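Per-entry structural report
Listed here are the chains, written in short residue letters.
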Amino acid sequence: MEPNNKIQNTNPIPILYERKEDCCGCTACYAICPRQAISMEDDLEGFAYPHIDAEKCIRCQMCMKVCPIKEAKRSVTARQR
Amino acid sequence: MNVYAVKHKDERIRATSRSGGIFTAISDLFLDGGVVYGCVLDENYNAIHVRTENKTGRDLMRGSKYIQSRLGDCYKQIKNDLEDGRHVLFSGTSCQVAGFRCFLKKDYNNLLCIDIVCHGVPSPKVWKTYLDWISKGKTIINVDFRNKKDFGWRDHVETIFCKNKKINSQVWTYLFYSHNILRPVCYECPYKSIDHPGDITIADYWGIEKACPRLDDNKGVSLVLVNTEKGSLYFEKAKNDIVWYKTRIEDSMQHPLIEPEKVPDERNQFWKDFENKDFSYIARKYGNYTPLWRRTLRKAKHLIKKVLGKD
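The paragraphs below set out a description of the structure included in this document. All values reported here derive from a predicted model rather than from experimental measurement. (Residues numbered from 1 in each chain as written. Chains lettered and ligands numbered in written order. Predicted model: local features only at pLDDT ≥ 70, side-chain atom pairs only at ≥ 80, totals over all residues. Heavy atoms only, no water.)

Some details on the interface of chain A and chain B
Across the boundary between the two partners, chain A contributes 28 residues, which contact 30 residues of chain B. Both sides together, the interface formed by chain A and chain B hides about 2300 Å², and carbon and sulfur atoms give 57% of it. Linking chain A with chain B are 4 salt bridges, by the criterion used here. One salt bridge in this structure joins D42 of chain A and R70 of chain B, with 3.0 Å as the shortest N-O distance. Residue contributions to the side of chain A that touches chain B peak at 5 residues, all from helix α4 (residues 68-80) of chain A. A per-class count over the side of chain A that touches chain B returns 16 nonpolar, 4 polar and 8 charged. (Contact = heavy atoms within 4.5 Å. Buried area = accessible area lost by both parts, 1.4 Å probe. Salt bridge = Lys/Arg side-chain N within 4 Å of Asp/Glu carboxyl O. Helix = DSSP H or I, 4+ residues; strand = E, 2+ residues; numbered from the N terminus. Nonpolar A, V, L, I, M, F, W, Y, C, P; charged D, E, K, R; others polar.)

Describing the layout of surface pockets
Residues and elements named next belong to chain B. Its volume calculated, the largest pocket comes out at about 620 Å³. Lining the largest pocket are 25 residues, and of these T16, R62, N142, V143 and D144 sit closest to its centre. Those elements giving two or more residues to the lining of the largest pocket turn out to be β2 (35-41) and β6 (140-144). Sorting elements by how many residues they give to the lining of the largest pocket places β6 first, with 3 residues. (1 Å grid on protein atoms, 1.4 Å probe; cavity = no way out; pocket = protein on both sides within 12 Å on 5 of 7 lines; lining within 4 Å. Points joined across faces, edges and corners; volume = space filled by probe spheres on them.)

With respect to a nonpolar patch on the surface
Together, M1, I194, M253 and I258 of chain B make up a nonpolar patch on the protein surface, roughly 330 Å² of accessible area in all. Summarising the element assignment, I258 of chain B is placed in the loop between β11 (242-246) and α10 (267-276). (Patch = residues over 30% accessible without salt bridge, like charges linked within 9 Å, V, L, I, M, F, W, Y side chains within 5 Å. Areas by Shrake-Rupley, 256 points an atom, 1.4 Å probe, with all protein chains shown as cover.)

Here we look at the nonpolar core
Of all hydrophobic cores here, the largest spans 74 residues; its most connected members are F90, L175 and F279 of chain B. Counting residues in hydrophobic clusters, the runner-up holds 21 residues, among them Y4, I22, M61 and I114 of chain B. (Core = buried A, V, L, I, M, F, W, Y, C linked by side-chain atoms within 4.5 Å. Buried < 20%, exposed > 50% of the residue type's maximum accessible area, 1.4 Å probe, protein only.)

Thoughts on the sheet that holds strand β3 (residues 47-52) of chain B
Residue and element names in this part refer to chain B. Within the open sheet, the 8 strands sit side by side as β3-β2-β4-β5-β9-β10-β1-β11. Their pairing is mixed. Since the sheet does not close on itself, it has two edges, and those belong to β3 and β11, each with one partner. On average, each strand axis in the sheet is tilted by 25° relative to the strand beside it, whichever way the strands run. Across 3 bridges, strand β5 (residues 111-116) lies against strand β9 (residues 200-204) in parallel orientation. Paired with I114 across the bridge in β9 is I200. (Pairing = 2+ DSSP bridges. Axes fitted to C-alpha atoms, helices over the stretch in contact; angles between N-to-C directions.)

Points about the packing of aromatic side chains
Residue and element names in this part refer to chain B. One pass over the full model with this rule turns up 25 aromatic pairs over all chains. Aromatic side chains Y66 and F145 sit 5.7 Å apart centroid to centroid with 40° between the ring planes, which places their arrangement in the tilted category. Residue Y66 is located in the loop between α3 (55-59) and α4 (74-83), and its partner F145 is located in the loop between β6 and β7 (158-162); the two are separated by 79 residues in the primary sequence. For Y66, a relative accessible area of 9% puts it in the buried group. The buried category is assigned to F145, whose relative accessible area is 3%. The interplanar angle of 50° and the centroid separation of 5.4 Å between the aromatic rings of W133 and F279 together place this pair among those described as tilted. Within this pair, whereas W133 is found in helix α6 (residues 124-135), its partner F279 is found in helix α11 (residues 279-286), the two being separated by 146 residues in sequence. (Phe/Tyr/Trp six-rings, centres within 6.5 Å; stacked < 30°, edge-to-face > 60°.)

Some details on the packing of α10 of chain B against α11 of chain B
Two measures define how a pair of helices packs: the angle their axes make with one another and the distance between the axes. Residue and element names in this part refer to chain B. At a closest axis distance of 8 Å, the pairing of α10 and α11 adopts a crossing angle of 155°. When the axes of α10 and α11 are compared, the pair comes out roughly antiparallel. Note on packing geometry: the crossing formed by α10 with α11 is right-handed. Residue-level contacts link Q269, F270, D273 and F274 of α10 to F279, Y281, I282, K285 and Y286 of α11. Across the contact of α10 with α11, the residue classes break down as 6 nonpolar, 1 polar and 2 charged. (Parallel < 35°, antiparallel > 145°, perpendicular 65-115°, else oblique. Left-handed = near helix turned anticlockwise from the far one by under 90°.)

A short note on α11 of chain B
Residue and element names in this part refer to chain B. Buried residues of α11: F279, I282, A283 and Y286, and no others. Taken down its axis, α11 places every buried residue within 100° of arc, on the same side. The inward-facing, buried residues of α11 abut α6, α7 (171-178) and α10. The positive-phi residue at the C-terminal boundary of α11 is N288, with phi of around 55°. (Arc of directions from axis to C-beta.)

Things to note about the side chain of T24 of chain B
All names here are of chain B. Position of T24 relative to the elements: it lies in helix α2 (residues 22-28). Classification of T24 as buried rests on a relative accessible area of 3%. Residues in contact with T24, not counting those within four places in the same chain, are H8, I13, S17, R58 and R62.

So, in structure tokens, the structure goes:
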């Protein structure tokens, strides 16, 4: 299923991580992006983090769903409930 | 989950493995028509993930590299191999394996994942700076993160092979264990427990003297956690090449199986220093490094004292 540009563009650009502690640099988001809108770029410490090109991004949110760290934190929260 | 202490039957393989040689035994099963993905050092000594179908390529993947590796386009490439029906072994850190499983969304019968018990991944940038500093501009021809030929398994001495020179050092070991150079996520790593995303999890068998003393000769033993049925299938196949003993997880609880490392109090200071000072300063302050002139002075003082004492 091809994501529809017009509808999806009303969604916000995904925020892949708010803190550096929330990104392991595994490249899952980079690899899953259907528009190659994500690149892995080094920070000052020399670790690679994903960067979204807003022009290319179609806001399909696939990158948000594929993140293993987000998944691990979700399952911890679920377990705590 | 089943826990094993393992060493390879071939002592030559064991001698050149980081621990007991379990990765070699399992990846051997994929060299007959399968594909192996793992971490190697490239020509500039950066850690990267690559694909191989042969022994030469696989041998470069042996031995953990104490730096975060770059995966490049491996995830997509592996998926293509899986769709083509190839038997694939993917090896990496727990987060790399977990990320890959999330990317695939489903399990493939023809995929085996091995993850390593990891303390956390050090910065590739600090690694390059260290290499430039220690090699003093000489051409590096090889790097051994843990030289078991000249030292023991537990000694943890790294050797940088330059043209006509062999440099033994523990500066990287000390920097690594200071935990200042780990990726921020590592201090909150969700995989620091006995639950791992790999079908098989491998590590140095720290605590072997208690868990299985008969294997302990300071030449390296692998800790192997077999987590899934698929993992067990492959472990059975690898048994021809290994000496193995079933052990208890209670006797095998190294720190990364319990909790992540804590953020060191001095981490911010380390990175400030790394930005502003030369690497000698970093090596002395955080890498337990003593410069040659100081070592010589110390020896001279000792000698003078000895001579005067005799007088």
